[in-house]
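Single-letter residue listing:
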Amino acid sequence: MMGGRASRIVFVMLCLLLLLSSWATATNSRKVAIISIDDEVSTVRTIKGIKKSLKRAGLEIDYKEAVLTGDPKSDDAIFAKLKIFDPELFISIGSYATLKTAEAFPQKPVVFATVINPISSGFINSMSLPGGNITGATLDIPTDKQFHYFQRVVGEIKRMGVIYSSETESIIAEARIAARNL
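Source: prediction; values computed, not measured. (Residues numbered from 1 in each chain as written. Predicted model: local features only at pLDDT ≥ 70, side-chain atom pairs only at ≥ 80, totals over all residues. Heavy atoms only, no water.)

Trainee: Explain the nonpolar core to me, please; I cannot follow it from the model alone.
Mentor: Note that soluble globular proteins tend to have their nonpolar side chains buried in a common cluster. Ranked by internal contacts, the top residues of the largest apolar core, which has 16 residues, are Ile35, Leu68, Leu82, Phe90 and Ile134. Those elements that provide at least two residues to this core are strand 1 (30-36), helix 3 (72-85) and strand 4 (110-115). Every residue in contact with Leu82, bar those within four places of it in the chain, is listed here: Ala33, Ile35, Lys64, Ala66, Pro87, Phe90 and Phe105. Residues Ile34, Leu59, Leu89 and Ile93 belong to the second largest nonpolar core, which totals twelve residues. (Core = buried A, V, L, I, M, F, W, Y, C linked by side-chain atoms within 4.5 Å. Buried < 20%, exposed > 50% of the residue type's maximum accessible area, 1.4 Å probe, protein only. Helix = DSSP H or I, 4+ residues; strand = E, 2+ residues; numbered from the N terminus. Contact = heavy atoms within 4.5 Å.)

This is the structure we're talking about:
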């Protein structure tokens, strides 16, 4: 059985291959933009895995990679360059990159990787029927499983604090229920 990370990467690869399979002609190179928010080892590894899988599938792709900064002016300049490149597909790594890519290119298909809570973030309608032009692999781990692992590692837990943002606030109620059940 594959681990969680490996199965997520396989899912992203399958999504990409499905989207790109209609392009698979020997003479045409297709344009794909890969957008991320950092160049951390895990991000670089994800991008390498995506490219390797697509190459193995025999797809000839012209890639343009961009790392967003979080600064609106800088990110706008990055997206302006990508509009000139005119990719047929976007691959976004992380929630911020997915949000900004979807805003900048609302009509283009986006496949995300390493996104937390894509439903509550508004990227997709559900995991089984994402809807729209966005799909991908999530980093969501059900709260009951998270608490189960906390118990395995720490033992008996009586109180726990959680740091959250407006983006992750929706999972707090679910976490309270899971915590009470344990």
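Trainee: Sorry if this is basic, but what is going on with the packing of helix 5 (residues 143-154) against helix 6 (residues 171-181) here?
Mentor: Each pair of packed helices gets described by two things: the angle between the helix axes and the distance between those axes. Two numbers describe how helix 5 lies on helix 6: the axes approach to 9 Å, and their chain directions differ by 50°. On the basis of the axis angle, helix 5 is oblique to helix 6. Helix-helix and strand crossings are classified by hand; for helix 5 and helix 6 the assignment is right-handed. Of the residues in helix 6, those in contact with Thr143, Asp144 and Phe147 of helix 5 are Ile171, Glu174, Ala175, Ala178 and Ala179. Among the residues making up the contact of helix 5 with helix 6, the classes are represented as five nonpolar, one polar and two charged. (Axes fitted to C-alpha atoms, helices over the stretch in contact; angles between N-to-C directions. Parallel < 35°, antiparallel > 145°, perpendicular 65-115°, else oblique. Left-handed = near helix turned anticlockwise from the far one by under 90°. Nonpolar A, V, L, I, M, F, W, Y, C, P; charged D, E, K, R; others polar.)

Trainee: Please clarify how a nonpolar patch on the surface should be interpreted in this entry.
Mentor: A surface patch of nonpolar side chains, about 580 Å² in accessible area, is lined by Phe150, Val153, Val154, Met160, Val162 and Tyr164. Note on placement: Val153 falls in helix 5. With a relative accessible area of 69%, Val153 lands in the exposed category. (Patch = residues over 30% accessible without salt bridge, like charges linked within 9 Å, V, L, I, M, F, W, Y side chains within 5 Å. Areas by Shrake-Rupley, 256 points an atom, 1.4 Å probe, with all protein chains shown as cover. Salt bridge = Lys/Arg side-chain N within 4 Å of Asp/Glu carboxyl O.)

Trainee: I tried to follow unusual backbone geometry on my own but got confused; where do I start?
Mentor: Working note: non-glycine residues mostly have negative phi, and peptide bonds are mostly trans. Phi at Asp86 is positive, roughly 55°, even though this residue is not glycine. With respect to the helices and strands, Asp86 occurs in the loop between helix 3 and strand 3 (89-93). Notably, Thr114 is not glycine yet its phi reads approximately 50°, a positive angle. In this structure, Thr114 sits in strand 4.

Trainee: Would you mind going over the pattern of salt bridges with me for this structure?
Mentor: A side chain with one charge can pair with a side chain of the opposite charge if their charged atoms come near. Inspection of every chain in the model, using the stated rule, returns four salt bridges. In this structure, the salt-bridge partner of Lys51 is Glu65, at a minimum N-O distance of 2.4 Å. Pair noted here: Lys51 is in helix 2 (residues 41-56) and Glu65 is in strand 2 (residues 61-67), with a separation of 14 residues, a long-range link. When the shortest N-O distance is used, the salt bridge between Lys108 and Asp86 registers 3.1 Å. Of the two residues, Lys108 sits in the loop between helix 4 (95-104) and strand 4 while Asp86 sits in the loop between helix 3 and strand 3, which places them 22 residues apart along the sequence.

Trainee: Which parts of the structure should I look at to understand the sheet that holds strand 3?
Mentor: Strands belonging to one sheet form pairs held by backbone hydrogen bonds; the direction of such a pair is parallel or antiparallel. Overall, parallel pairing links the five strands, which are arranged 2-1-3-4-5 in an open sheet. Edge positions in the sheet fall to strand 2 and strand 5 (134-138), since each of these pairs with one other strand and no more. Averaged over all pairs of adjacent strands, the angle between their axes in this sheet comes to 15°, without regard to strand direction. Pairing of strand 3 with strand 4 involves four bridges; the strand directions are parallel. Paired with Phe90 across the two strands is Val110, which belongs to strand 4. (Pairing = 2+ DSSP bridges.)

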